[in-house]
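Spelled out, the chains give:
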Amino acid sequence: MSNVVDVTQDTFKSTVIDSDKPVVVDFWAEWCGPCKKLSPMIEEIADDLDGQVTVAKVDVDNERTLGAMFQIMSIPSVLIFKNGEKVDEFAGLRPKAEIIDRIKPYL
C-alpha cells in the first residue's frame with residue numbers, strides 16, 4: 001500500500017500547508033518519462049520515512065492552478081514544505097539518496 005497522497009487544489013492547504021510534519025510534494029504528469037522513473041522512488045521514500053514526513057503528488061495537468069502558484073516550469077519538480085513554508089525544491093530526476101539527503105534537514 002502506498003503512503004503517497006494525491007493532492008488537489010481543494011486538499012493542498014489541509015495536506016501540505018497545515019501539516020505538522022514536513023511534506024514532500026512531487027509535481028508530475030502522466031506523459032512525463034522522468035516523472036514515471038521518479039514515481040517508484042517517491043513511493044519508496046514515503047515508505048522509508050513513514051510517520052516522519054507526508055509525501056504528496058500533484059498532477060499538473062489536472063491541477064494547473066497549483067502548478068502556476070508554485071511556478072512549476074519543468075517536471076518532475078519536487079518541493080519540500082515545513083511549517084507551511086516551502087523550504088527546498090528541485091527539478092528533474094535525482095537519485096533516491098540525494099532526495100532523502102535533501103529531506104533530512106527538515107525532519
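Please refer to the structure placed before this passage.
On a predicted model such as this, the values are computed, not experimentally measured, just so you know.

## Considering the overall build of the chain
Here is step 1: Helix and strand counts for the chain come out as four helices and five strands.
Here is step 2: Mapped in sequence order, the helices and strands of the chain form the string β-α-β-α-β-α-β-β-α.
Here is step 3: In terms of C-alpha radius of gyration, the chain reaches 12 Å, essentially the compact-globule figure of 13 Å for 107 residues.
Here is step 4: For the chain, the spread of C-alpha atoms along the three principal axes comes to 30 × 30 × 25 Å.
Here is step 5: Contacts in the chain between residues at least 24 apart in sequence constitute 73% of all its contacts with a sequence separation of at least 6.
Here is step 6: For the chain, the computed accessible surface area is about 5,700 Å², with 50% contributed by carbon and sulfur atoms.

## Side note on the packing of aromatic side chains
Here is step 1: Applying the stated criterion to the full structure yields four aromatic pairs.
Here is step 2: Seen from their ring centres, Phe27 and Phe70 are 6.1 Å apart, and the 55° between their planes marks the pair as tilted. Of this pair, Phe27 sits in strand β2 (residues 23-28) while Phe70 sits in the loop between α3 (64-69) and β4 (77-82); the two residues are 43 residues apart in sequence, bridging distant segments of the chain. The two residues Phe27 and Phe70 agree in class, both being buried.
Here is step 3: Where Phe70 meets Phe81, the ring centres are 5.5 Å apart and the plane angle is 80°; that geometry is what we call edge-to-face. Taken together, the positions of Phe70 in the loop between α3 and β4 and Phe81 in strand β4 put the pair eleven residues apart, joining distant regions of the chain. The pair Phe70 / Phe81 is uniform in exposure class, with both members buried.
Here is step 4: These aromatic residues form a ring-pair network of at least three members: Phe12, Phe27, Phe70 and Phe81.
Here is step 5: The aromatic ring of Trp28 is capped on one face by Lys57, whose charged end is 5.1 Å from the ring centroid.

## Comments concerning the environment of Ser39
Here is step 1: If you trace the backbone, Ser39 turns up in helix α2 (residues 33-48).
Here is step 2: Through-space distance from the C-alpha of Ser39 to that of Leu93 is 9.8 Å; in sequence the pair is 54 residues apart.
Here is step 3: A polar contact is formed between the side chain of Ser39 and the side chain of Lys57, at a distance of 3.1 Å.

What counts and how
- Residues numbered from 1 in each chain as written.
- Predicted model: local features only at pLDDT ≥ 70, side-chain atom pairs only at ≥ 80, totals over all residues.
- Heavy atoms only, no water.
- Helix = DSSP H or I, 4+ residues; strand = E, 2+ residues; numbered from the N terminus.
- Rg over C-alpha atoms; globule rule 2.2 N^0.38 Å.
- Contact = heavy atoms within 4.5 Å.
- Areas by Shrake-Rupley, 256 points an atom, 1.4 Å probe, with all protein chains shown as cover.
- Phe/Tyr/Trp six-rings, centres within 6.5 Å; stacked < 30°, edge-to-face > 60°.
- Buried < 20%, exposed > 50% of the residue type's maximum accessible area, 1.4 Å probe, protein only.
- Lys NZ or Arg CZ within 6 Å of the ring centre and 35° of its normal.
- Polar contact = N/O pair within 3.5 Å; in protein donor to acceptor, adjacent residues only side chain to side chain.

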